[in-house]
Structures are given as structure tokens and as C-alpha cells.
Amino acid sequence: MSTRSAAQPKSLFIGLGNMGRPMAAQYAPAFPSWVFDIDASVADDVAEETGTLALPHLSALPAGIETVILMLPNSQIVENTLRGEDGLFRQLGSGALVIDMSSSQPDSTRALAAEASACGIHYVDAPVSGGVLKARTGELSLMVGGSEDAVEAAMPHLESMAGAIVKAGPSGAGHAAKALNNLLSATNLAAAAEILCVAQANGIEPETMVDVINSSTSRSQASEVKYPRHILTGTFDSGFAMDLMIKDMAIAMDLIRANSIEAPLVSRTSEIAAEARASLDNERPDHTELARYVENVNHTTLRSSR
Ligand code: NAD
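Summary of the structure given here.

Criteria and thresholds
- Residues numbered from 1 in each chain as written.
- Predicted model: local features only at pLDDT ≥ 70, side-chain atom pairs only at ≥ 80, totals over all residues.
- Heavy atoms only, no water.
- Salt bridge = Lys/Arg side-chain N within 4 Å of Asp/Glu carboxyl O.
- Helix = DSSP H or I, 4+ residues; strand = E, 2+ residues; numbered from the N terminus.
- Near = heavy atom within 4 Å.
- Polar contact = N/O pair within 3.5 Å; in protein donor to acceptor, adjacent residues only side chain to side chain.
- Nonpolar A, V, L, I, M, F, W, Y, C, P; charged D, E, K, R; others polar.
- Buried < 20%, exposed > 50% of the residue type's maximum accessible area, 1.4 Å probe, protein only.
- Pairing = 2+ DSSP bridges.
- Right-handed = clockwise from strand over helix to strand, strands pointing away.

## A closer look at the pattern of salt bridges
Next up, step 1: Following the criterion strictly, the structure yields 14 salt bridges and no others.
Next up, step 2: The closest approach of N and O atoms between Arg219 and Glu224, which form a salt bridge, is 3.8 Å.
Next up, step 3: Residue Glu289 pairs with Arg292 through a salt bridge whose shortest N-O separation is 2.8 Å. Separated by 3 residues within a single helix, Glu289 and Arg292 lie in helix α13 (residues 289-297), roughly one turn from each other.

## A word on the site of the ligand
Next up, step 1: Taken together, 24 residues sit near the ligand, with Asn18, Met19, Asp37, Leu72 and Arg284 positioned nearest.
Next up, step 2: Asp37 is positioned such that a nitrogen or oxygen atom in its side chain is 2.6 Å from an oxygen atom of the ligand.
Next up, step 3: For the ligand, an oxygen atom lies 2.8 Å from a polar atom in the backbone of Leu72.
Next up, step 4: Of the residues that constitute the shell around the ligand, the class distribution is 12 nonpolar, 8 polar and 4 charged.

## Describing the pairing of strand β1 (residues 11-14)
Next up, step 1: The alternating pattern of β1 places Ser11 and Phe13 and Leu12 and Ile14 on opposite faces, both of which are buried.
Next up, step 2: Alignment of β1 against strand β2 (residues 33-36), held across 4 bridges, turns out to be parallel. The partner of Ser11 across the bridge, within β2, is Ser33.
Next up, step 3: With helix α1 (residues 20-27) bridging β1 and the parallel β2, this β-α-β connection has right-handed handedness.
Next up, step 4: Two strands pair when backbone bridges link them, and β1 and strand β4 (residues 67-70) are joined in this way by 4 bridges, in the parallel orientation. Pairing of Leu12 across the sheet is with Val68, part of β4.

Remember that the coordinates give geometry; whether it matters functionally is a separate question.
Set out below in C-alpha cells:
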């Protein structure tokens, strides 16, 4: 670890997986950064690639860190990172900014934002949409929750990774919006698989039906991107794990139940996703394999012949 003080970065990016890695690469040119991942070899690689500094552990932060960006698997890991004796809330100074870009639980986010506020720390939820492709190009769509002051402070950091930014509301609103978006997105994906199976049984090739959908009223990001790139190719390689999608769907279902909303259609999609996860044989299926599950139950495959 470097001990230079004059050029010490003021930002710390935590979580360098499928999304965090390309996001940190977009962020670092604008905001010189430390990078950290629980897998130290990943942090070393990212530091090498991006000219950032790898932090070996979080238990003693270097001085001068003003902004922390989190891109972690779930709320439990976010909480463990921020709370407790060695947690970042204890270590960061008053006036610091924490931005959770993970897809986290809104109730956890609101509790963390209140704890941060008691320490004089700004807390913003800014989950992302657009997947690995948009993370690589710095064109992610962000949905942002937090107080006006906190969101204003976060904006330059967010802009370095975003193509679109929507202010969703107070703390937790970004995370709620993200989970709801992903429940609808999964519904689009599963519904398209069913329709393509019917089309194919009627002599319409999957890629032809995708062309019809994409030039008609039922198009979606699933039909425009996921089917052509990751499903009709049989590669199932979007970089968004099915388990993470199911986590998002569970968060959305909690919101539906908490508000007693009648939502049988999307509720059924979350059941289908659970059935798919149980039936698929690989260890870490991609979320696009939801379509493979629909193929399997219909004893067919949806592949392009072009
Ligand atoms: P991932 O599993 O590829 O990466 C997670 C990274 O976090 C890994 O490198 C892991 O080693 C690291 N990590 C785990 N525990 C840690 C800890 N305690 N401290 C530091 N690092 C730790 O996940 P991902 O696909 O990059 O997703 C990250 C977040 O973004 C998730 O909340 C996910 O739901 C969300 N998201 C993912 C996508 C996508 O397309 N992959 C799109 C939008 C949102």
C-alpha cells in the first residue's frame, strides 16, 4: 500500500465484481481512487488496469477518504461493511459521502442513512440498470434516493458512470425503484420466452419473432438486447447472475406485500424464477437462463439459425 500523502486519493470504490470492475474503471479517471474487494487479487488486478491503488483491508482506512462507493452483492454485506467497530461509519469523518450503488433493500438503506446522518455522513442510494455492457461504456441508468444535500453532493460522482440519472425520492426510493424495475424486467424476459415458444410451434423462427417484437408494441430491453445477444445465441452470458435477479424480485415482492397490492402477474414471475433456479443444473446460472427454463418445460430450444 502506498504511503504517499500529497496524491492520496479521496475516493474508495468497494466491490469489484462483474459490475464494480468496469464501473471503477469509468470512475477513476474523474476521481482518483482506492479500490477494495474481499478478493485481494481482484483489487490488485483492477488497480493495475486502472491506475488506482489497491487497499488490502478496510479495518484501517488511509486518511483523507471523503467518498465511498459500494457495489456489493446485498444489504447484509453493505451493513457489515458500514457498521461495527471497524465499520466505515466509525472511520469516515463528518462530511463524508457514502453512495450505495448495489441493489439493496430499501428498509436497510433507510436505517443506514439515519445512522450515517447521526455521524454527519451523507448517504445516497444509487442502484444501476443497464448491466455489464452499459457499465463498460459509462452509460448506466441510475435511480437515486436520498436527501437533497446528499444527492447534490453525489451527483458529480454519479455522472462519471451514468447515461441517465433519475431522482427517485428520499432515502430508499432508489433501491425500491430498482427492485421494482427488475421484477418487471424479469416478467418481460419470461413472457417473451413463452411467446417465442408459441411462435416457433407455429412455424415462426425465434429470430423472426424477435424482429416482429422489436418493430412492434411489445418490445423491451429483453427483446432488444437479451434475446439477440444472450439467449438466441445460446450463450446465456449477460453477467447478471440469476441469484441476484431473484434477490431483487424478493425485495420487490416484499414491497408488494407490505402495501397489499394485487399483483398476480409479477408475483407469478417471481415463482417461475424460483422454479427455474431450482431446476437449472449449473452452479451460478445467468439470469437469462430464465428463458432456458421456459424452453425446458416446453421441450424446445430458442436458437437463432442466422
Ligand atoms: P458480483 O457477484 O459479480 O460481484 C460482487 C463483488 O463483491 C465480488 O467481486 C465480491 O468478491 C465482492 N465482495 C463480496 N463481499 C465483499 C465484501 N464484504 N467486501 C468487499 N467486496 C466484497 O456481482 P455484480 O454482478 O457485480 O453485482 C453487484 C451489485 O450490483 C449487486 O447488488 C447486483 O444485484 C447489482 N447489479 C448487477 C447487475 C449485473 O448486470 N451484474 C446489474 C445491475 C445491478
